[in-house]
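Listed here are the chains, written in short residue letters.
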Amino acid sequence: MMQRHPVNDTRFIDGMMSIRATRSIGLVALLLVVTPVLGDDAASLSSWNDTASKRAIVEFVARVTTEGGAEFVPPEERIAVFDNDGTLWCEQPMYFQLLFALDRVHALADQQPEWQDQQPFAAVLANDREKLAALGHADLGAIMAATHAGMTTDEFDAIVREWFQTARHPIYDRPYTELVYQPMLELLDYLRAHGFQTYIVSGGGVDFIRSFADEVYGIPPEQVIGSSGLTHFELRDGVPVLIKTAEIGSIDDGPGKPANIELHIGRRPLMAFGNSDGDLQMLQWTTAGEGPRFGLIVHHTDAEREFAYDRESHIGKLDAALDEAATRGWTVVDMQADWGTVFSEESN
């Protein structure tokens, strides 16, 4: 059953009230600095309704970026990490990378005639929804291996980019890259304008996400962390290439997220954003650090403009993390109540 978790982040107010009366002049001066900033920043997040979620973001950023403030954090430590599927863009009715893989099975079918009688490929080619819904991890692994391995990294990048130019979402009938949440795009820009480095930390394939992240999110390839397969180096006609293999290198989900953050970034993030139990450990790791920390969960509550799902969903299940949000003081975004817009109204 859908539950809403209103957020009352009083840390900013409490911090102000704790300043002793003998420093009242300093308090007044600080308020004069912060109040205009809050107003300007609120305007920059125009797709967010004026609710507790938006205020929690703006007030936290004001606290950690106001020079001379008690909680000021230098720019090099302002790291913000974002899950991708369900946090930055839509993930229903199934992960977009899986939809890409299913399309690739159809595209490669003429070269693999044995797939007509071989599962799980036969189910994909027949568009057998019942069998597709019952696919297990081994079946999905076989599909991903057949559609993602055996080519160079450059060849894979070109295939993904071409798919994004032509493929359309089965429900919205829009390009997948248009199904990015407008409030989150504004949030990425807003954080970068305040000296934050923004990273994607996703369970999706790192090379898949890197093919569009810079253009869509303004996040360069070196700031994308994701699941990965192993590659090997070889010379083809004297030209050095990297070949994608079917062997798994890293699964960037659950406890793999903080481990990969440490491996690739080497700093504990200041802010973390997710939407599912797969983001739980990343949120725990981020907000357990010393000093000011911020965790946020996007709760999908809008069945009219997007989808409503959480505890029982097979995609983006949000259960344990939703329970823990209240005890750890994480902000929970009620998509229906907190977002004035979900997707950009512009369409190609």
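See the structure printed just above.
Residues numbered from 1 in each chain as written. Predicted model: local features only at pLDDT ≥ 70, side-chain atom pairs only at ≥ 80, totals over all residues. Heavy atoms only, no water.

## Digging into helix H8 (residues 153-166)
Then, number 1: Over its 14 residues, H8 extends 20 Å from the first C-alpha to the last, a length consistent with the 20 Å expected when each residue adds 1.5 Å.
Then, number 2: Those residues of H8 lying buried are Phe156, Val160, Trp163 and Phe164. One face of H8 carries all of its buried residues, which in axial projection span an arc of 100°. Looking at H8, the residues exposed on the side facing more than 90 degrees away from the buried face are Asp154, Glu162, Gln165 and Thr166.
Then, number 3: Contacts from the buried residues of H8 go to helix H4 (96-108), helix H7 (137-148), helix H10 (206-210) and strand E4 (239-250). (Helix = DSSP H or I, 4+ residues; strand = E, 2+ residues; numbered from the N terminus. Expected span 1.5 Å × (residues − 1). Buried < 20%, exposed > 50% of the residue type's maximum accessible area, 1.4 Å probe, protein only. Arc of directions from axis to C-beta. Contact = heavy atoms within 4.5 Å.)

## As for the packing of H4 against H8
Then, number 1: Where H4 contacts H8, the axes come no closer than 11 Å and their chain directions differ by 100°. Between H4 and H8, the angle falls in the class roughly perpendicular. Residue-level inspection shows Phe96, Leu99, Phe100, Asp103 and Arg104 of H4 in contact with H8, the latter providing Phe156, Ile159, Val160 and Trp163.
Then, number 2: Looking at the contact of H4 with H8, its residues break down into 7 nonpolar, no polar and 2 charged. (Axes fitted to C-alpha atoms, helices over the stretch in contact; angles between N-to-C directions. Parallel < 35°, antiparallel > 145°, perpendicular 65-115°, else oblique. Nonpolar A, V, L, I, M, F, W, Y, C, P; charged D, E, K, R; others polar.)

## Quick look at the packing of helix H12 (residues 256-264) against helix H13 (residues 280-287)
In a pair of packed helices, the angle between the axes and the distance between the axes together describe the arrangement.
Then, number 1: Where H12 meets H13, the axes come as close as 7 Å, and the angle between the chain directions of the two elements is 50°. Classed by the angle they form, the pair H12 and H13 counts as oblique. Residue-level inspection shows Lys257, Pro258, Ile261 and Glu262 of H12 in contact with H13, the latter providing Gln281, Met282 and Trp285.
Then, number 2: Grouping the constituent residues of the contact of H12 with H13 by class yields 4 nonpolar, 1 polar and 2 charged.

## Some remarks on the packing of aromatic side chains
Then, number 1: Scanning the entire structure with this criterion turns up 23 aromatic pairs.
Then, number 2: The interplanar angle of 65° and the centroid separation of 5.0 Å between the aromatic rings of Phe164 and Phe212 together place this pair among those described as edge-to-face. Of this pair, Phe164 sits in helix H8 while Phe212 is found in the loop between H10 and helix H11 (213-217), placing the two residues 48 residues apart along the sequence.
Then, number 3: The buried category is assigned to Phe212, whose relative accessible area is 4%.
Then, number 4: On the basis of an interplanar angle of 85° and a centroid distance of 6.2 Å, the ring pair of Tyr172 and Phe307 is categorised as edge-to-face. Taken together, the residues Tyr172 in the loop between H8 and helix H9 (182-193) and Phe307 in the loop between strand E6 (294-299) and helix H14 (320-328) connect sequence positions 135 residues apart.
Then, number 5: Take Tyr172: its relative accessible area is 22%, and that puts it in the partly exposed class. (Phe/Tyr/Trp six-rings, centres within 6.5 Å; stacked < 30°, edge-to-face > 60°.)

## Details of the side chain of Glu178
Then, number 1: Relative to the helices and strands, Glu178 is located in the loop between H8 and H9.
Then, number 2: At 2.8 Å, the side chain of Glu178 forms a polar contact with the side chain of Arg174. (Polar contact = N/O pair within 3.5 Å; in protein donor to acceptor, adjacent residues only side chain to side chain.)

## Thoughts on the pattern of salt bridges
Then, number 1: Scanning the model with the defined rule gives 14 salt bridges in all.
Then, number 2: With a closest N to O distance of 3.0 Å, Asp189 and Arg192 form a salt bridge. Residue Asp189 and its partner Arg192 are both found in helix H9; the two are separated by 3 residues, about one turn of the helix.
Then, number 3: For Arg192, a relative accessible area of 27% puts it in the partly exposed group.
Then, number 4: One salt bridge connects Arg311 with Asp319, and the closest N-O pair in it is separated by 2.5 Å.
Then, number 5: Here the residues in one salt-bridge network are Asp83, Lys257 and Asp279, joined through shared partners. (Salt bridge = Lys/Arg side-chain N within 4 Å of Asp/Glu carboxyl O.)

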